[in-house]
Amino acid sequence: QLLIALVSLVVGLFIANILVTLVKKMLTNSSVDASLTSFLGSMISMLLKVMVYITALSMLGVEMTSFIAILGAAGSVRHAAELRGRRHDTVLQAL
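Residues numbered from 1 in each chain as written. Predicted model: local features only at pLDDT ≥ 70, side-chain atom pairs only at ≥ 80, totals over all residues. Heavy atoms only, no water.

## Focus: the overall build of the chain
Here is the rule we go by: Strands here are runs of E lasting at least two residues and helices are runs of H or I lasting at least four, both read from the DSSP assignment and numbered beginning at the N terminus. Note that accessible areas follow from Shrake-Rupley with a 1.4 Å probe, and for residues the cover is restricted to the protein chains shown.
Secondary structure assignment for the chain yields three helices and zero strands. Along the chain direction, N to C, the helices and strands of the chain fall in the order α-α-α. For the chain, the computed accessible surface area is about 7400 Å², with 71% contributed by carbon and sulfur atoms.

## Considering the packing of helix H1 (residues 2-29) against helix H2 (residues 34-59)
Applicable threshold: Whenever a helix is involved, its axis is fitted only over the stretch in contact; in every case the axis is a line through C-alpha atoms, and angles between N-to-C directions fall within 0 to 180 degrees. By the definition adopted for this analysis, an angle is roughly parallel if under 35 degrees, roughly antiparallel if over 145, roughly perpendicular if from 65 to 115, and oblique otherwise. Each helix crossing is assigned a hand: it is left-handed if the near helix lies turned anticlockwise from the far helix by less than a right angle, otherwise right-handed if that turn is clockwise.
At their nearest, the axes of H1 and H2 sit 9 Å apart, and the two run at 165 degrees to each other. Here H2 runs roughly antiparallel to H1, going by the angle between their axes. The interaxial crossing formed by H1 with H2 has right-handed handedness.

## With respect to unusual backbone geometry
Put simply, the rule is: Buried means the residue's accessible area, taken with a 1.4 Å probe over protein chains only, is under 20% of the maximum for its type, while exposed means over 50%, and partly exposed covers the values in between.
The backbone phi angle of Ser31 is positive, close to 60 degrees, even though this residue is not glycine. As for its position among the elements, Ser31 is in the loop between H1 and H2. For Ser31, a relative accessible area of 68% puts it in the exposed group.

## Overview of the confidence of the model for the chain
Here is the rule: Confidence of the predictor in every single residue is expressed as pLDDT, which spans 0 to 100. The contact criterion used throughout is that any non-hydrogen atoms of two residues lie within 4.5 Å.
On average, residues of the chain carry a pLDDT of 81, and 80% of them reach 70 or more. For the chain, helix H3 (residues 65-94) is the element with the lowest average pLDDT, namely 63, and H1 is the one with the highest, namely 94. In the model, residues 88-95 has pLDDT below 50 throughout and makes zero contacts with residues more than four positions away in sequence or in other chains.

Put into structure tokens, the structure is as follows:
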């Protein structure tokens, strides 16, 4: 199982890098702003890598349900903090 998970991890990361490179090239050829291209490339890269790691860990028998719940909760907390920060900024600007 360990060997299969390692091979899946290496192949998955390789394919993820190829996909990110292709997306960045397509965006660049479509005259999309360079900062947006960089941002989207980073987001896609991060999401694909997380998916590859989760898949490899689940192949090893690691339970992913709680891990994914923790990631979701962390994302919700971050989003709430960003909203709270914007609200305070808006109030300060009004003063």
